[in-house]
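One letter stands for each residue in the lines below.
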Amino acid sequence: MRIIAFYSPKGGVGKTAAAVNTAYLASRANISTLLWDLDPQGAASFYLAGAEVVKGRKLSKLLEGKSPIARFIHEDVYPNLDFIPAHSSFRNFDIKLEHEEGDNVLKDLLAPLSEDTSLVVLDCPPTLSRLTEQVLEMADKVYVPMVPTWLSLNSWNQLREFVKDKKLGNKKLRPFFSMVDRRKNLHREILGQSAELLGTPVNVAVPYASVVERMGEEGKPLEVLAPLSPAAHAFRTLWQDIKVDLGFPNPR
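1. Re the side chain of T22
Thinking step 1. Turning to its location among the elements, T22 is positioned in helix α1 (residues 15-28).
Thinking step 2. Aside from chain neighbours lying at most four places away, what touches T22 is I4, F6, L238, W239 and I242.

Shown next, in the form of structure tokens:
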């Protein structure tokens, strides 16, 4: 079982859209996929189900061992795509983790799913916290979306320092640009310096597009909602890079 995370210390950068579309594309590639929405705001639920919000379960029941993780899973939201929706109690995840003994609690919670799940996609809240540490520690790769602005780049540098300080492995960080508006001089300028500024970025620039915002209204991934859109094409490009990163074979 491979585990990837979509994370940014800065909100409003297109993180959830990237996580949902990646999870859907993985399922379309016949990879048994689980998307876990760790963000208590629960945006991934809207992107998958629209106004028909998928309800989550209380965090305490899971951490206290009163309910197995299987009971938190909504199976086959799409073929090969299972989903653990967020719950408002997830806002206390960090507090709960501080009192949990042992190694990586998240990794232990996911372990029972390893036989039936090939890929876990984590949609993470924009915090630098104990939860963030556990995600960064256990994930095979962490994809970090950022808007091409100096403020986002400052957040990226803060993340790298955090990972370095905690000895969590900077090499697993995979930044990419999101919500790109090529009409803006600053966006074009920063895109032109991506390798210099980011090191080894994913070679994709997800455009700013109203169709991405419609995902929440319609409750559908872009591959279903608007597969011919430039944004959908960008997410397919992102998924191709993720497959290479994780060593998943291309279908013949």
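Further notes follow.
2. Details of the packing of helix α6 (residues 130-138) against helix α7 (residues 150-166)
Thinking step 1. Interhelical geometry of α6 versus α7 gives an angle of 75° and a closest axis separation of 11 Å. Compared by their axis directions, α6 and α7 come out roughly perpendicular. Two secondary-structure elements touch here, α6 through T132, E133 and L136 and α7 through L159, F162, V163 and K166.
Thinking step 2. For the contact of α6 with α7, the residue count by class is four nonpolar, one polar and two charged.

3. Remarks on the pairing of strand β5 (residues 119-123)
Thinking step 1. With respect to burial, β5 is a largely interior element, five of its five residues being buried.
Thinking step 2. Residue alternation in β5 divides its side chains into two sets, L119, V121 and D123 and V120 and L122, and both sets are buried.
Thinking step 3. Summarising the sheet, strand β1 (residues 2-6) and β5 pair through five bridges and their orientation is parallel. Pairing of I4 across the sheet is with V121, part of β5.
Thinking step 4. Bridge count between strand β2 (residues 33-37) and β5: five bridges; the pairing is parallel. Residue L34 lies in a different strand from β5, and its bridge partner there is V120.

4. Quick look at the pairing of strand β3 (residues 74-78)
Thinking step 1. Bridge count for β3 against strand β4 (residues 81-84) is two bridges, and the pairing is antiparallel. Bridge pairing links Y78 to L81 in β4.
Thinking step 2. Hairpin remark: β3 followed by β4, antiparallel, with two residues in the connecting loop; positive phi at N80, about 70°.

5. Some words on the nonpolar core
Thinking step 1. With 45 residues, the main nonpolar core has W36, F93, L110 and L122 as its most contacted residues.
Thinking step 2. Broken down by element, the residue count for this core peaks at five residues, all from α7.
Thinking step 3. Sequence-distant contacts of L122, defined by excluding residues within four places in its chain, comprise I3, I4, A5, F6, W36, L38, V135 and M138.

6. Overview of the pattern of salt bridges
Thinking step 1. Across all of its chains, the model carries eight salt bridges by this definition.
Thinking step 2. We note a salt bridge from D245 to R174, for which the minimum N-O separation is 3.0 Å. You can see D245 sitting in helix α12 (residues 230-246) and its partner R174 sitting in strand β7 (residues 173-180), a full 71 residues away along the chain.
Thinking step 3. One salt bridge connects D181 with R183, and the closest N-O pair in it is separated by 2.9 Å.
Thinking step 4. Look at D181 and you get buried, because its relative accessible area is 12%.
Thinking step 5. Three or more residues are tied together by salt bridges with common partners; here these are K15, D39 and D123.

7. Thoughts on the sheet that holds β4
Thinking step 1. The strand order across the open sheet built from eight strands is β3-β4-β2-β5-β1-β6-β7-β8, with neighbouring strands paired in mixed fashion. Sheet topology places β3 and β8 (205-207) at the edges, where each strand pairs with a single neighbour. On average, each strand axis in the sheet is inclined to that of its neighbour by 25°, with strand direction left out of account.
Thinking step 2. With three bridges joining them, β1 and strand β6 (residues 141-146) adopt parallel strand pairing. In the sheet register, F6 faces β6, and the bridge partner there is Y143.

8. Re α1
The periodicity of an α-helix, 3.6 residues per turn, causes residues three or four places apart in sequence to face the same way.
Thinking step 1. Between its first and last C-alpha atoms α1 spans 20 Å; for 14 residues at 1.5 Å apiece the expected length is 20 Å, and the two agree.
Thinking step 2. A large share of α1 lies buried, amounting to 13 of its 14 residues.
Thinking step 3. Following α1 by one or two positions, N30 has its phi on the positive side, about 65°.

What counts as what
Residues numbered from 1 in each chain as written. Predicted model: local features only at pLDDT ≥ 70, side-chain atom pairs only at ≥ 80, totals over all residues. Heavy atoms only, no water. Helix = DSSP H or I, 4+ residues; strand = E, 2+ residues; numbered from the N terminus. Contact = heavy atoms within 4.5 Å. Axes fitted to C-alpha atoms, helices over the stretch in contact; angles between N-to-C directions. Parallel < 35°, antiparallel > 145°, perpendicular 65-115°, else oblique. Nonpolar A, V, L, I, M, F, W, Y, C, P; charged D, E, K, R; others polar. Buried < 20%, exposed > 50% of the residue type's maximum accessible area, 1.4 Å probe, protein only. Pairing = 2+ DSSP bridges. Core = buried A, V, L, I, M, F, W, Y, C linked by side-chain atoms within 4.5 Å. Salt bridge = Lys/Arg side-chain N within 4 Å of Asp/Glu carboxyl O. Expected span 1.5 Å × (residues − 1).

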